[in-house]
Each structure stands twice: as C-alpha cells, then as structure tokens.
Amino acid sequence: MQNIPKSRLVLYVMIAGVLPLFFVMVNYWSTQNTLDELDIMIENIENKVINYKKQQGKNIAVINHYRDADHFYIDKYLETLNFLEPEIEALQKIVNHKNFTGDVNITKRMDFLTGSGNSMIFTEGVVQSYPLYQETTESLTHSIEVNVNDIKKILARVEGVNVGPYKPGPNRPQLIVMDFKIDKKQQPNENEIYQLNMKLLKREYM
C-alpha cells in the first residue's frame, strides 16, 4: 500500500466506495424487471380469468336457453309442414270439378304434393356425446319442392326467429344449418318453385 501513489490510492478508494452503490443499482434494476414481468403475468392471468368468466357466462346463458328444448321438435314442427299450398288448392279445385276427366298427370302431381314425396322427412346420423351436450346430424332423406313462402316458413322454425308472418315452434333445440341448397325449377307457368335440400345439426344440452 505504501508503494501506491496517493492519487491512485484515492482513485481506488473512490471506486471501492462506488462499487456497493453500483451493485445496489444493478440489484434494484434486476428486481424491478422481475416485478414488471410479474405484473405482466398477473395482468395476463386476470385477463384470461375475465375472458373465461365471460365465455362461461355465455355458455351458461345458452344452456339455460335450451335446457327445456323439445327432443321431438323436428318431428312436430318441421316434418308436419305442408308445401306449395296454392298449387294444391288449385289442383283440388280441378279434381273436384264435375267435368274433371281424371288426367293422370294431375292426379300424380296431387298425390306427390299431398303425400310423403314432398314432405320433410329427416334421418338421424350418429349421436356425438359431450360433457354438456349431445349433437345429432339431421339430413333430409330427399329434396322437396317449395315456394318462397315455404322457405320463409322453414327458416322461421329452424332459426327460431319470426320471418314475415311465420313464427318458430316452442321449445326449439339449438339447430345449426350445415347445408342449405336451393335450385330453381323450370316451370311452364309463372309459379316459382325451388328444389330444396338441407342438413341440420341438432344440439341438445344435458
């Protein structure tokens, strides 16, 4: 120590005095960064909890809404629908007229419109079960002929909303349209007739 110049010794003493403060500052910055990271983690967790609660709230609302759904809704309110009623009424007048000659084409058309040939008949697919609900695909066994009003009537009962004068049935289960295809048929008269095919997903909550 005696051989060290005084000026250098003073410098060493100053450095020795500053080093503890330097380490304190480094430790402070490190601790502050850790605290900042913890704050970000806590904020992210809080946001996840809030979003989870919101999603759970939506799920509970959906479950409560469909809890009393009618398992036979499709049977009661879709498969019982009649279509092309104006044409049926017109054909009925012709058939009932005293001068009706028994035209085979008219009779066949009447049988088609009033029988199972133009009725909505769904076939159930495999039932998929989950913890809170089960899903079933419901597909039309054959396409049907409809007009614009018939389409509105079907959509009201499938979507669960009023469409013009048409209303949904009570206790509707959650129905999701998986496929909805309409093709316009060529008609000799001015009546607009469409070929309709559709597939639904029926979701029922436990």
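This text follows the structure it describes.
**Q** Before we go on, may I ask you to explain helix α5 (residues 148–159) in this structure?
**A** Residues three or four positions apart in an α-helix share a direction because the helix packs 3.6 residues into each turn. Its 12 residues place the ends of α5 16 Å apart at the C-alpha level, agreeing with the 16 Å of an ideal helix rising 1.5 Å per residue. Considered for burial, the residues of α5 that qualify are Asp 150, Ile 151, Lys 153, Ile 154, Ala 156 and Val 158. Where α5 is buried, its residues touch α3 (85–96), β3 (144–146), β4 (174–184) and β5 (194–205). Two to three positions downstream of the cap, the backbone nitrogen of Asn 149 sits 3.1 Å from a side-chain oxygen, assigning the N-cap of α5 to Asn 147. Positive phi shows up at Gly 160, right after α5, with a value of about 75°.

**Q** Would you mind showing me how to read helix α4 (residues 104–114) here?
**A** Buried within α4 we find Ile 106, Met 110 and Leu 113. Along the long axis of α4, the arc covered by the buried residues comes to 70°, so they all point the same way. Within α4, the exposed residues directed more than 90 degrees away from the buried face are Val 104, Asn 105 and Lys 108. The residue sitting at the N-terminus of α4 and contributing the capping side-chain oxygen is Asp 103; that oxygen lies 2.8 Å from the backbone nitrogen of Asn 105.

**Q** Whenever I open this one, the packing of α3 against α4 confuses me. Can you help?
**A** Two numbers describe a pair of packed helices, the interaxial angle and the distance between the axes. The geometry of α3 relative to α4 is characterised by a closest axis approach of 10 Å and an angle of 140° between their N-to-C directions. Our classification of the angle between α3 and α4 gives oblique. Handedness of the α3/α4 crossing: left-handed. In this structure, α3 uses Glu 87, Ile 88, Leu 91, Gln 92, Ile 94 and Val 95 to contact α4, whose residues at the interface are Ile 106, Arg 109, Met 110, Leu 113 and Thr 114. Class assignment for the residues of the contact of α3 with α4 results in seven nonpolar, two polar and two charged.

**Q** Sorry if this is basic, but what is going on with the side chain of Gln 174 here?
**A** Take Gln 174: it is sitting in strand β4. Engagement of the side chain of Gln 174 in a polar contact is seen with the side chain of Tyr 205, the distance being 2.7 Å. Residues contacting Gln 174, with those up to four places away along its chain left out, are Val 62, Tyr 66, Leu 201, Lys 202, Arg 203 and Tyr 205.

Conventions adopted
Every residue gets a number counted from 1 within its own chain, in the order that chain's sequence is written. With pLDDT at 70 or above as the cut-off, local features in this predicted model cover only qualifying residues; side-chain atom pairs require 80 or more to be listed or tallied, and sums for whole chains, interfaces and linings still use all residues. Note that the side-chain values use all heavy atoms of the structure and ignore hydrogens as well as water. Helix and strand definitions here come from DSSP, where helices need a minimum of 4 consecutive H or I residues and strands a minimum of 2 consecutive E residues; each element is numbered from the N-terminal end. Every helix has an expected span of 1.5 Å times one less than the residues it contains. Burial here depends on accessible area, computed with a 1.4 Å probe over protein chains only, as a share of the maximum for the residue type. Under 20% is buried, over 50% is exposed, and the range in between is partly exposed. Any two residues whose heavy atoms approach within 4.5 Å are treated as being in contact. Nitrogen and oxygen atoms within 3.5 Å of one another constitute a polar contact, given that in protein one can donate a hydrogen and the other can accept it, and given that sequence-neighbouring residues count only through two side-chain atoms. An arc is given here, and it is the one of the directions from the helix axis to the C-beta atoms. Each axis is a line fitted through C-alpha atoms, taken for helices only over the stretch in contact, and angles between the N-to-C directions span 0 to 180 degrees. Between 65 and 115 degrees an angle is taken as roughly perpendicular, under 35 as roughly parallel, over 145 as roughly antiparallel, and anywhere else as oblique. A crossing counts as left-handed when the near helix is turned anticlockwise from the far one by less than a right angle, and as right-handed when that turn is clockwise. Under the convention adopted here, Pro, Cys and the residues Ala, Val, Leu, Ile, Met, Phe, Trp and Tyr are nonpolar, Asp, Glu, Lys and Arg are charged, and Gly plus all remaining residues are polar.

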